[in-house]
Amino acid sequence: MTIWLQRKEKMHRHSAHIAWILAGKPPRDPVLPKPDIPDGSLKMTKHPSKRAVQLDTLTQDYQAEFFREAMVRWILKTRQPNLPEREIRKNINMSLPFLKVPVYHKAKFWLGDFQQGTTKLSSNEWDVLHVRPIQPNTKQKSPRFDTALVNEGQGHRIAQVKVIFELPKKAQAKLFNADINVPKYLAYVEWFRPFDNAPKVDHLFYQVKRAFTPQGNRSASIIPLENRLLELDFYKKWFDYFSELRVR
């Protein structure tokens, strides 16, 4: 019954959104301000789900096949934002000063209305991003790696989140100067191709496919889970607005 009701709610929101677009995107009715809007859009648990996960375990259990390479790229670009690609490739095999990282299996995000900024999307203002591997000794035996819409500053792009983690403090001290602000929460993501300029004419939906590197590997990155200075915020699955969005 709960699953049926959730599906009905998604279909209702989707129909309302399409009707709003076909009507020319008119201004929405004013809404009453909410009294308990959080200061930030991200809420994490006090302690990580696992305090120390081996990097090899991330590759296998979390399906983060290109974690090491993505980590090196992020470290080099954080140190020197304008570092040329040829220099990154030259140092891509640098050793990492850590073998384990604390890992989180979920993150909560405040989802305000995309126009008004404060309106609830549903009866629950906080949405949850789930990122967990196979858990053979629990009822949740299958892995779950949610997709998210990432604000890249110049637009939005879909990514699948494979790992949410923290960089160990000792490793931070070895890798970065004290004047570099290292985000507390990081995420390893695998990208989908950017959206087309317009939806498909036959069904008015966007069709997205996974992005690959020239070498044929999945395109992956380490990004801040929330970093307002870079205007890079994570948002939970906006597929709720596009329940029939086809993903390949």
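Structural data are supplied above this passage.
Keep in mind that this is a model prediction, so the values were computed, not measured. (Residues numbered from 1 in each chain as written. Predicted model: local features only at pLDDT ≥ 70, side-chain atom pairs only at ≥ 80, totals over all residues. Heavy atoms only, no water.)

**A word on the packing of aromatic side chains**
Per the counting criterion, the structure on display carries four aromatic pairs. Taking 5.2 Å as the distance between ring centres and 65 degrees as the angle between the ring planes, the aromatic pair formed by F67 and F165 counts as edge-to-face. Here the residue F67 occupies a position in helix α3 (residues 67–79), and F165 occupies one in strand β8 (residues 156–165), the gap between them amounting to 98 residues. Using a relative accessible area of 0% as the deciding quantity, one classes F165 as buried. Ring geometry for Y104 against Y185: centres 5.4 Å apart, planes inclined by 85 degrees, an arrangement best described as edge-to-face. With a gap of 81 residues between them, Y104 in strand β3 (residues 100–104) and Y185 in the loop between α5 (169–175) and β9 (186–191) connect regions that are remote in the sequence. Overall, Y104 belongs to the buried group, its relative accessible area being 2%. One aromatic cluster in this structure is built from F67, F165 and Y188. In this arrangement the basic side chain of K162 is found over the ring face of F145, its NZ or CZ atom lying 5.6 Å from the centre. (Phe/Tyr/Trp six-rings, centres within 6.5 Å; stacked < 30°, edge-to-face > 60°. Helix = DSSP H or I, 4+ residues; strand = E, 2+ residues; numbered from the N terminus. Buried < 20%, exposed > 50% of the residue type's maximum accessible area, 1.4 Å probe, protein only. Lys NZ or Arg CZ within 6 Å of the ring centre and 35° of its normal.)

**Focus: the environment of T57**
Residue placement: T57 occurs in helix α2 (residues 55–60). Through-space distance from the C-alpha of T57 to that of P133 is 9.8 Å; in sequence the pair is 76 residues apart.

**A word on the nonpolar core**
Counting residues in hydrophobic clusters, the biggest one holds 50 residues, and the most contacted among them are M71 and L167. With seven residues, α3 is the single largest residue contributor to this core. (Core = buried A, V, L, I, M, F, W, Y, C linked by side-chain atoms within 4.5 Å.)

**Observations concerning the sheet that holds strand β4 (residues 106–110)**
Strands belonging to one sheet form pairs held by backbone hydrogen bonds; the direction of such a pair is parallel or antiparallel. Overall, antiparallel pairing links the four strands, which are arranged β1-β4-β5-β6 in an open sheet. Each end of this open sheet is capped by a strand with a single partner; those strands are β1 (42–43) and β6 (144–145). Relative to β6, strand β5 (residues 126–132) runs antiparallel, the two sharing two bridges. Residue pairing for β6: V131 is matched across the bridge by F145. (Pairing = 2+ DSSP bridges.)

**Remarks on the side chain of Q160**
Relative to the helices and strands, Q160 resides in strand β8. A distance of 3.1 Å separates a polar side-chain atom of Q160 from the backbone oxygen of F145. Within polar-contact distance, the side chain of Q160 engages the side chain of R210 at 2.5 Å. For Q160, the contacting residues outside a window of four places in its chain are F145, D146, T147, Y188, V189, E190, F192 and R210. (Polar contact = N/O pair within 3.5 Å; in protein donor to acceptor, adjacent residues only side chain to side chain. Contact = heavy atoms within 4.5 Å.)

**A closer look at the side chain of H105**
Mapped onto the secondary structure, H105 falls in the loop between β3 and β4. Contact partners of H105, with chain neighbours within four places excluded, come to S49, K50, Y62, L129, H130, V131, R132 and P133.

**Side note on helix α1 (residues 2–22)**
With 21 residues, α1 ought to run about 30 Å at 1.5 Å a step, and its terminal C-alpha atoms sit 30 Å apart, in line with that. Positive phi appears at G24, one or two residues downstream of α1, with a value of about 90 degrees. (Expected span 1.5 Å × (residues − 1).)

**Remarks on the pairing of β9**
Of all six residues that make up β9, six are buried, and the element is covered over most of its length. Of the two faces of β9, both are covered, the one formed by L186, Y188 and E190 as well as the one formed by A187, V189 and W191. Relative to β9, β8 runs antiparallel, the two being bridged by six bridges. Note that in β9 the partner of A159 across the bridge is W191.

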